[in-house]
Amino acid sequence: MDLFDNILTGLSVAFQWHNLLFCFVGCFIGTLIGVLPGLGPVGAMSILLPITFGISPVTAIIMLSGIYYGAQYGGSTTSILVGIPGEAASVVTTLDGHQMALQGRAGPALGISAFASFIAGTIGVLGLMLLAPPLASLALRFGPPEYFALMIMGLIILTYLAQKSMVKSLMMAGVGVLVGVVGLDTMTGLPRFTFGIPDLFDGIGIAPLAMGLFGVSEILLNVEQTIKQGVVVDRVKNLLPNLADWKASYKPILRGSLSGFLLGILPGGGAVLASFISYGTEKRLSKTPERFGHGAIEGVAAPEAANNSAAQAAFIPLLTLGVPANAVMGILLGALMIHGITPGPMMIEKNPELFWGTVTSMYLGNIMLLVLNLPLIGLWVKLLRVQYAVLFPLILFIALIGAYVINSSEVDLYLMLLFGVIGYLMRKFEYEPAPLVLAFVLSPILEDSLRQSLIISGGSMSIFVTRPIAAGFLFLAAVLLVSAVLPSVRQKRSKLVAQADENN
Amino acid sequence: MNAERLASLFWFVLGAAAVYGSLDLGLGQMGQPGSGFLTFVAGCFVALMAVIVFVQSYRVDAAAQRRLSELWKGVKWQRAILITILIAIFIAVFETLGFFICSFALLFIIMKWLEGLDWKISVLVPAFTIAGTYLLFKTVLKISLPAGIFGF
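Residues numbered from 1 in each chain as written. Chains lettered and ligands numbered in written order. Predicted model: local features only at pLDDT ≥ 70, side-chain atom pairs only at ≥ 80, totals over all residues. Heavy atoms only, no water.

### Some points on the packing of helix α5 (residues 91–102) of chain A against helix α11 (residues 271–285) of chain A
Packed helices, taken two at a time, are described by their axes: the angle between them and the distance between them.
Residue and element names in this part refer to chain A.
Step number 1: Where α5 meets α11, the axes come as close as 8 Å, and the angle between the chain directions of the two elements is 40 degrees. By the angle class used here, α5 and α11 are oblique. Contacts from V91, V92, L95 and D96 in α5 reach S275, F276 and Y279 in α11.
Step number 2: Residue composition of the contact of α5 with α11, by class: five nonpolar, one polar and one charged. (Axes fitted to C-alpha atoms, helices over the stretch in contact; angles between N-to-C directions. Helix = DSSP H or I, 4+ residues; strand = E, 2+ residues; numbered from the N terminus. Parallel < 35°, antiparallel > 145°, perpendicular 65-115°, else oblique. Contact = heavy atoms within 4.5 Å. Nonpolar A, V, L, I, M, F, W, Y, C, P; charged D, E, K, R; others polar.)

The structure is reproduced here in structure tokens:
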């Protein structure tokens, strides 16, 4: 089948009425949770995972994907109108977007943000269509050593790019592996760290872990403070950017789309990082960098483009290698496994309708999001006026019920609370939860590939350096580790951390 | 003790406990790794990183020291503890008292007692949310929610 046949297959799936409906539902919920501070796509997707049990795998993935990329769109609305990022990938948008709103230009800021997201999302989908099949063919050459090396590289990249201490992030990756081994050993059937609790035999679920570390901990941190949600405008006017806005923005949008896509493919990369890097790039390239932070439209266009194309690109490692690039993709991996589908190099060939249907629906989803975010902006403004005191109990309640209904297990609720408290303390003590979650998700594949590699090699670690692809991945990981220790790189990292602190 | 050092000690103990547990599980041999092999490696790694953080905490980084020494300064941390206790109670009685009673009590207590919202909001918002959630999970998705000792 050539590309056009594949696209036609995808369109025939995506245009089925129930897939259109669930795509819309996903985009709507995504926008909603993007707009509301306190519940990111990881939490929302975990909560809604049980809803997907009763529907087909294609429809389930279409809806869950919609939540993910929808949240990237919605997050910018809160960043611009309130000055609080609705979603982690929208932190940078706050800098210039909110300034534009304060200067009475909320409309063009929201408009360029939506259009940049749409353009980048489209570029991301096209890249996904073109790159995924050849990458999947390449991945067929991957054996256990290559998979092991790839995952190590992904974890190192994530920790290298961590905003705070790299040592702490590496430690969190180690903790993630430890949490991931809880449950029955798949090779020997031996229970590990289950303490005789039957609910733990299947291991700790991604939903209680992610909802605890990201959702509950966020609520605990927020209730400590008095949150003032000051929406700066009553009614948003002139959403369409003018010619000068477009002239200033089209290059940043294209650059942001490209860099976001490349960073999104990397395991450990992702939308948050992409938005930070594209903002920094535009500031550096600008002839008037002093305008950044004071309402420069490029400062909205570039990061919004970057985070959206990164969100689409993050599907590539999952769908072609079966390796989730971030926590959100980890949940998607979980959803696919529940439906009996193992993502990996053979998935496109074995389940063309699932792959092409999902990818094509993303394009339709991008169009839906443009409609949801521009004409319906009034609805989101109204939503932003709801007090946090009303919102957070509801978010907490939905998280609790969501965590319970997955397995009807009280233990899952206790785990969610435990990880919520741990997440709260981790953030207080400046430990990032993302490496923990990614390592947790990768842990079963990491363990299997390590053990299989050692069995193949008869116990020799040289298997990881004698096979070129595995050696290449590990070499890159080693370069990153060594460079992080170099004084010049350390200074640069410290500067970036300081900048990020200022921005937050 | 310095907050950074206390945290690193916690992670060190966790890593050491994992190493201890992995020995029980069995490390196997290099050519046939056992159930505890990865746990052993990861436990050692966590403990080593904890030691590095501990040592690094003696290096003077004024900004980081200030941030960590003011962890709970100027925030109402008692509210976070109260919410944690409320969630723990909710979980403990959820299956016994059932979905409706526990959910309403949790939402009402937070909204009325903790947040000081007026009666109308504290009753109506939870009522509609609980009804909507019940309809979605029980009626639409056919997922069971605990009825509790009162049978509803």
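What follows continues from the structure just given.
### Structural notes on the confidence of the model for chain A
Step number 1: Mean pLDDT over chain A works out to 84, with 92% of the residues at or above the 70 mark.
Step number 2: A low-confidence stretch, residues 500–504 of chain A (pLDDT under 50), is modelled with eight contacts involving residues beyond four sequence positions or located in other chains. (pLDDT = per-residue confidence, 0-100.)

### Description of the environment of A:F429
All names here are of chain A.
Step number 1: Topologically, F429 is positioned in the loop between α19 (410–428) and α20 (433–457).
Step number 2: Here F429 falls in the buried class, since its relative accessible area comes to 12%.
Step number 3: Note: C-alpha distance between F429 and K168 (261 residues apart in sequence) is 10.0 Å. (Buried < 20%, exposed > 50% of the residue type's maximum accessible area, 1.4 Å probe, protein only.)

### Considerations on the nonpolar core
Step number 1: In this structure, A:I67, A:L81, A:M171, A:I204, A:L209, A:Y431 and B:W11 are the most contacted members of the largest nonpolar core, which totals 152 residues.
Step number 2: Here this core takes 15 residues from helix α6 (residues 106–139) of chain A, the largest share from any one element.
Step number 3: Not counting residues within four places of it along the chain, the set of residues in contact with A:L209 comprises A:V179, A:I204, A:F419, A:L436, A:V437 and A:F440.
Step number 4: Core analysis: the second largest hydrophobic core is formed by 46 residues, A:V390, A:F397, B:I83 and B:I143 among them. (Core = buried A, V, L, I, M, F, W, Y, C linked by side-chain atoms within 4.5 Å.)

### Digging into the pattern of salt bridges
Residue and element names in this part refer to chain A.
Step number 1: Applying the stated criterion across every chain yields a total of 11 salt bridges over all chains.
Step number 2: For the salt bridge of D185 with R451, the shortest nitrogen-to-oxygen distance reads 2.9 Å. Here the residue D185 occupies a position in the loop between β1 (183–184) and β2 (191–192), and R451 occupies one in helix α20, the gap between them amounting to 266 residues.
Step number 3: A residue is classified by how much of its surface remains accessible, and D185, at 2% relative accessible area, is buried.
Step number 4: We note a salt bridge from K428 to E224, for which the minimum N-O separation is 3.0 Å. Of this pair, K428 sits in helix α19 while E224 is found in the loop between α9 (206–223) and α10 (243–265), placing the two residues 204 residues apart along the sequence.
Step number 5: Several salt bridges converge on common partners, so that one network encompasses D185, R192, E447 and R451. (Salt bridge = Lys/Arg side-chain N within 4 Å of Asp/Glu carboxyl O.)

### Some words on the interface of chain B and chain A
Step number 1: Listed as interface residues are 67 residues of chain B and, on the opposing side, 60 residues of chain A.
Step number 2: Summed over both partners, the interface of chain B with chain A buries about 5700 Å², with 76% contributed by carbon and sulfur atoms.
Step number 3: By the criterion of area lost to chain A, the three top residues of chain B are B:W11, B:L38 and B:I91, representing 12% of everything that side buries.
Step number 4: Across the contact surface, chain B and chain A share one salt bridge.
Step number 5: Two residues, B:E4 and A:K168, come together in a salt bridge whose shortest N-O distance is 2.9 Å.
Step number 6: At the boundary of chain B and chain A, one finds eight residue pairs in polar contact (both at pLDDT 80 or more).
Step number 7: Of all the elements in the fold, those that place two or more residues in the side of chain B that touches chain A are α1 (3–25), β2 (32–33), α2 (37–56), α3 (62–69), α4 (77–97), α5 (99–114) and α6 (119–140) of chain B.
Step number 8: Split by residue class, the side of chain B that touches chain A holds 45 nonpolar, 15 polar and seven charged. (Buried area = accessible area lost by both parts, 1.4 Å probe. Polar contact = N/O pair within 3.5 Å; in protein donor to acceptor, adjacent residues only side chain to side chain.)

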